[in-house]
Amino acid sequence: MIRAIAMAMTANTISYPSFGLLAETKYSLKTRKRKSKFMNSISNSDLTLMSSFLDVGSYARMKCSSFKNRKQKNLSKLIVNELGGQYEEVFNDVKLALRNRFTKKAVRTVLYQLYEMNPPQYIWLHNFIAENDPEEGKLFLRNLAKENQDLAERVMITRLHLYGKWIKQCDHGEIYKEISDENLELMRERLLETIVWPADDKST
């Protein structure tokens, strides 16, 4: 009886080898390989895994804080770009404003001269100025040259002459001092506006 049971067990093992130790060993090796690959993919990837065992509130706060940090960094870069100094020691906009200002001053000078010496030309230039702004500088002179070449050349020569006179009379040190004094005056006025003076005690 015992021999028959042993023979039957041996026959089962030989007939179905997939249920033996060899099959379990292969299965365990495959499982370990899959687990190791899965853990490596998790450690090497940048994806954030979310499961029901994680604290959803802490995860949301972490994401919100990281978004705020990125937003603040972008905002700080934007502020630096706007207020950190875009001139780079080149004041082309100031030069353009200066040329336009001298163009306007030259037009006024020529207009005053025409008022005394040539009234018809004065009227014509006055009407032209009403439709064209001398502050536009180059554009104004281009349009004036199309309508009246002589007056355009006169304004250009007058503009250059006025600028030459200004260069001789201009004192950069004095201008710097005027700007500094004006800054101090404005700061002093603002300080006086913010001071709370004590009320007068009429009982004493």
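Structure report, in brief. Since the structure is predicted, the reported quantities are computational estimates derived from the model, not experimental observations.

**A closer look at the pattern of salt bridges**
Side-chain pairing between opposite charges can occur once the charged atoms of the two side chains come close.
Part 1 of the reasoning: The final tally for this structure, using the stated rule, is four salt bridges.
Part 2 of the reasoning: Arg-101 is the salt-bridge partner of Glu-135, the closest N and O atoms lying 3.1 Å from each other. Taken together, the positions of Glu-135 in the loop between helix 5 (119-131) and helix 6 (138-147) and Arg-101 in helix 4 (residues 92-117) put the pair 34 residues apart, joining distant regions of the chain.
Part 3 of the reasoning: Classification of Glu-135 as partly exposed rests on a relative accessible area of 26%.
Part 4 of the reasoning: Given a relative accessible area of 46%, Arg-101 falls into the partly exposed group.
Part 5 of the reasoning: In this structure, Lys-177 engages Asp-181 in a salt bridge whose closest nitrogen and oxygen atoms are separated by 2.9 Å. Highlighted residues: Lys-177 and Asp-181, both in helix 8 (residues 172-194), separated by four residues, approximately one helical turn.
Part 6 of the reasoning: Accessibility expressed as a relative area gives 51% for Lys-177, which makes it exposed.
Part 7 of the reasoning: What emerges from the salt-bridge pattern is a single network uniting Arg-101, Lys-104 and Glu-135.

**Observations concerning the packing of helix 6 against helix 7 (residues 149-169)**
Packed helices, taken two at a time, are described by the angle between their axes plus the distance between the axes.
Part 1 of the reasoning: At their nearest, the axes of helix 6 and helix 7 sit 6 Å apart, and the two run at 145 degrees to each other. Seen from helix 6, the contacting residues are Leu-141, Leu-144, Ala-145 and Glu-147; seen from helix 7, they are Gln-149, Leu-151, Ala-152, Val-155, Met-156 and Arg-159.
Part 2 of the reasoning: Partitioning the contact of helix 6 with helix 7 into residue classes produces seven nonpolar, one polar and two charged.

**With respect to the packing of helix 4 against helix 5**
Part 1 of the reasoning: Look at helix 4 against helix 5: their axes get within 7 Å of each other, and the N-to-C directions meet at 145 degrees. The way helix 4 lies across helix 5 gives a crossing that is left-handed. Along its contact with helix 4, which presents Val-107, Val-110, Leu-111, Leu-114, Tyr-115 and Met-117, the element helix 5 presents Pro-119, Gln-121, Tyr-122, Leu-125, His-126 and Ile-129.
Part 2 of the reasoning: Here the residues of the contact of helix 4 with helix 5 are counted per class, giving 10 nonpolar, two polar and no charged.

**Structural notes on the packing of aromatic side chains**
Part 1 of the reasoning: Scanning all chains against the criterion turns up six aromatic pairs.
Part 2 of the reasoning: A ring pair is formed by Trp-124 and Phe-128, whose centres lie 5.5 Å apart and whose planes are at 10 degrees; its orientation type is stacked. In this pair, Trp-124 and Phe-128 are both assigned in helix 5, four residues apart and thus about one turn of the helix distant.
Part 3 of the reasoning: For Trp-124, a relative accessible area of 31% gives the class partly exposed.
Part 4 of the reasoning: Taken together through their ring pairs, the aromatic side chains of Phe-102, Tyr-163 and Trp-166 make up a single cluster.

**Side note on a positive patch on the surface**
Part 1 of the reasoning: A cluster of basic residues, Lys-95, Arg-99, Lys-138, Arg-142 and Lys-146, forms a positive patch at the surface.
Part 2 of the reasoning: Elements that contribute at least two residues to the positive patch include exactly helix 4 and helix 6.
Part 3 of the reasoning: With respect to the element layout, Lys-95 can be found in helix 4.

**Some details on the nonpolar core**
Part 1 of the reasoning: In terms of nonpolar packing, the biggest core is built from 15 residues, with Val-110, Leu-114, Leu-125, Phe-140, Leu-144, Leu-151 and Val-155 touching the most fellow members.
Part 2 of the reasoning: When contributions to this core are tallied by element, the ones reaching two or more residues are helix 4, helix 5, helix 6 and helix 7.
Part 3 of the reasoning: Take this core: its biggest share by element is six residues, from helix 4.
Part 4 of the reasoning: Each residue touching Leu-144, except ones within four places of it in the same chain, is listed here: Trp-124, Leu-125, Phe-128, Gln-149, Leu-151, Ala-152 and Val-155.

**Remarks on a negative patch on the surface**
Part 1 of the reasoning: A surface patch of like charges, here negative, comprises Asp-171, Glu-174, Glu-178, Glu-182, Glu-185 and Glu-189.
Part 2 of the reasoning: In this structure, Glu-189 sits in helix 8.
Part 3 of the reasoning: Accessibility expressed as a relative area gives 39% for Glu-189, which makes it partly exposed.

**Considering helix 8**
Part 1 of the reasoning: Taking 1.5 Å of rise per residue, the 23 residues of helix 8 would be expected to cover 33 Å, and the 33 Å separating its terminal C-alpha atoms lies within 8% of that figure.
Part 2 of the reasoning: Of the residues flanking the start of helix 8, the one acting as N-cap is Asp-171, its side-chain oxygen 3.2 Å from the backbone nitrogen of Gly-173.

Criteria and thresholds
Residues numbered from 1 in each chain as written. Predicted model: local features only at pLDDT ≥ 70, side-chain atom pairs only at ≥ 80, totals over all residues. Heavy atoms only, no water. Salt bridge = Lys/Arg side-chain N within 4 Å of Asp/Glu carboxyl O. Helix = DSSP H or I, 4+ residues; strand = E, 2+ residues; numbered from the N terminus. Buried < 20%, exposed > 50% of the residue type's maximum accessible area, 1.4 Å probe, protein only. Axes fitted to C-alpha atoms, helices over the stretch in contact; angles between N-to-C directions. Contact = heavy atoms within 4.5 Å. Nonpolar A, V, L, I, M, F, W, Y, C, P; charged D, E, K, R; others polar. Left-handed = near helix turned anticlockwise from the far one by under 90°. Phe/Tyr/Trp six-rings, centres within 6.5 Å; stacked < 30°, edge-to-face > 60°. Patch = residues over 30% accessible without salt bridge, like charges linked within 9 Å, V, L, I, M, F, W, Y side chains within 5 Å. Areas by Shrake-Rupley, 256 points an atom, 1.4 Å probe, with all protein chains shown as cover. Lys, Arg positive; Asp, Glu negative; His and termini not counted. Charge placed at Lys NZ, Arg CZ, Asp CG, Glu CD. Core = buried A, V, L, I, M, F, W, Y, C linked by side-chain atoms within 4.5 Å. Expected span 1.5 Å × (residues − 1). Polar contact = N/O pair within 3.5 Å; in protein donor to acceptor, adjacent residues only side chain to side chain.

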